[in-house]
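One letter stands for each residue in the lines below.
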Amino acid sequence: MAACKRHNHSMKLLNKKTTFIAIALTVAATSGAQTGQVSTTGKTLASSKLATDVLNKIVEHNRTQNGCADVSAVRIEVLPRNYVPRQPAIAATSRGGHFERWSIDACGSQQKYQVGLWPAPKGGSDFAVTPLPGHIMVSPKVGIPGPETTVGDGNRRPAPAATSLAAWNGRYVWEESLGRIGGSTPAEGAAAFVTYTLAMGPGNGATGCTLKAQGFQTNMQMQCTATPQGSAVVVKFYKFGQDNGRGRHTMGERLLTLRPDASGGITTNLEGLKPASDATARNGRLFRKLA
């Protein structure tokens, strides 16, 4: 990908050594992203409007190539004049411009981009975006020693090794039993359930994560994000499906955490996601992975 675009606004130098920027994402609806604010750190020579357009182009590429449009962090670095650009690249420096390196965290992984910016001949500015090699997980890789933790016996032991998001790809199901409903006696009532289906990996929407709850008086569909955290994975709310109401969750809200247990199963910790019944436990072996 080497994207080039012209803009009718000039590049502007930010005079602080490190500048914190809030960029509004105004991505086309087809990208699967929502309008929002992304807190960005680092230094850029672009105006806020130009920086927003650059970020939108990067989000579009990451969605197309990696199935994720949920950007959680952006870091920007102005590269020196003697920087040798990765090809293919437009010679931004010889056109009176410069290069920057943009790093984004999206859905648990990090991708870097080379951004060339230069003044347009008829005013305004142009830019070109080229992805750099090295798509890496934000969390430490498996096998790299992590920090120590204190366990119940008071001894210091290494923390559980981190896992990649790909290790969690698949479909997970939890059937919440609500007991028997109706009937002249409890024994004659019909058994009621709510079935929760969590799907992670390619093919599950723009963020690679969907969560559905269907059953007794329940029909909920949402897009979520999944982020590795040590040996666990944290599932967060992204947006509701078209047939759902709004306001029950906010973007970025933690819904649940899955982690492997000692017996080879999965332990679920429900957070923002509330069970249909108040009597249902919020922790334990709830979700199971389908074969």
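What counts, and where the lines are drawn
- Residues numbered from 1 in each chain as written.
- Predicted model: local features only at pLDDT ≥ 70, side-chain atom pairs only at ≥ 80, totals over all residues.
- Heavy atoms only, no water.
- Helix = DSSP H or I, 4+ residues; strand = E, 2+ residues; numbered from the N terminus.
- Contact = heavy atoms within 4.5 Å.
- Salt bridge = Lys/Arg side-chain N within 4 Å of Asp/Glu carboxyl O.
- Buried < 20%, exposed > 50% of the residue type's maximum accessible area, 1.4 Å probe, protein only.
- Core = buried A, V, L, I, M, F, W, Y, C linked by side-chain atoms within 4.5 Å.
- Pairing = 2+ DSSP bridges.
- Phe/Tyr/Trp six-rings, centres within 6.5 Å; stacked < 30°, edge-to-face > 60°.
- pLDDT = per-residue confidence, 0-100.

1. A closer look at the overall build of the protein
Secondary structure summary: the protein contains one helix and 19 strands in total. Long-range contacts, defined as pairs at least 24 residues apart, comprise 52% of the intrachain contacts of the protein with a sequence gap of at least 6.

2. A few points about the pattern of salt bridges
Applying the stated criterion across every chain yields a total of six salt bridges. Ionic pairing is found between K57 and E60, a salt bridge with its closest N-O pair at 3.7 Å. One end of the pair, K57, and the other, E60, are both in helix α1 (residues 48-66), three residues apart, so they sit about a helical turn from each other. Taking the relative accessible area as the measure of exposure, K57 reaches 24% and is therefore partly exposed. The shortest N-O distance in the salt bridge between D261 and R285 comes to 3.4 Å. Of the two residues, D261 is situated in the loop between β16 (254-260) and β17 (266-270) and R285 in the loop between β18 (283-284) and β19 (288-289); the sequence distance between them amounts to 24 residues. Taking relative accessible area as the criterion, R285 reaches 56% and is therefore assigned exposed.

3. Concerning the nonpolar core
Ranked by size, the top nonpolar core spans 27 residues in total, and within it L198, M200, L211, L256, L258 and F287 carry the most contacts. For this core, the elements supplying multiple residues, two or more each, are β11 (170-181), β12 (190-200), β13 (209-215), β14 (218-229), β15 (232-240), β16 and β17. Within the second largest apolar cluster, 21 residues are counted, among which are A46, V54, I76 and V115.

4. Regarding the pairing of β11
Where β11 meets β12, ten bridges bridge the pair, whose relative direction is antiparallel. Considered in β12, the bridge of I181 is made with A190.

5. Here we look at the pairing of β16
Summarising the sheet, β15 and β16 pair through four bridges and their orientation is antiparallel. Bridging from a neighbouring strand, V234 pairs with T257 of β16. In this structure, β16 lies alongside β17, joined through five bridges in antiparallel fashion. If you follow R259 over to β17, its bridge partner there is T267. Between β16 and β17, which pair antiparallel and follow one another directly, the connecting turn spans five residues, one of which, G264, has a positive phi of 95°.

6. Concerning the environment of P121
Positionally, P121 belongs in the loop between β6 (109-119) and β7 (125-131). By relative accessible area, P121 is classed as exposed at 72%. For the pair P121 and R95, spaced 26 residues apart in sequence, the C-alpha to C-alpha distance is 9.3 Å.

7. A look at the packing of aromatic side chains
Geometry of an aromatic ring pair is reported as the spacing of the ring centres plus the angle between the planes. Evaluation of the coordinates by the stated rule reveals five aromatic pairs. Measuring from centroid to centroid gives 4.4 Å for W174 and Y196, while their planes differ by 15°, and the two rings are stacked. Residue W174 is located in strand β11, and its partner Y196 is located in strand β12; the two are separated by 22 residues in the primary sequence. Since its relative accessible area comes to 5%, W174 is described here as buried. Judged by relative accessible area, which is 3%, Y196 ranks as buried. Connected via pairs of aromatic rings, a cluster forms that spans W174, Y196 and F287.

8. A short note on the confidence of the model for the protein
A residue-level look at the protein finds 70% of positions with pLDDT of 70 or above and a mean pLDDT of 76. When the elements of the protein are averaged for pLDDT, strand β9 (residues 148-150) gives the smallest value, 34, and β17 the largest, 95. Within the model, the stretch residues 7-35 combines pLDDT values under 50 with 86 contacts to residues more than four positions away or in other chains. Note on residues 135-162: pLDDT under 50 across the span, and 44 contacts to partners over four residues away in sequence or across chains.

9. Looking at the sheet that holds β16
Taken together, nine strands build an open sheet; the order of strands is β18-β17-β16-β15-β14-β13-β12-β11-β19 and the sheet is antiparallel. For this open sheet the edge positions go to β18 and β19, each flanked by a neighbour on one side alone.

10. With respect to the environment of V234
One can find V234 in strand β15. Under the relative-accessibility criterion, V234 is labelled buried at 2%. Separated by 20 residues in the primary sequence, V234 and R254 place their C-alpha atoms 7.1 Å from one another. Setting aside chain neighbours within four positions, we find V234 in contact with T225, A226, T227, Q229, R254, L256 and T257.

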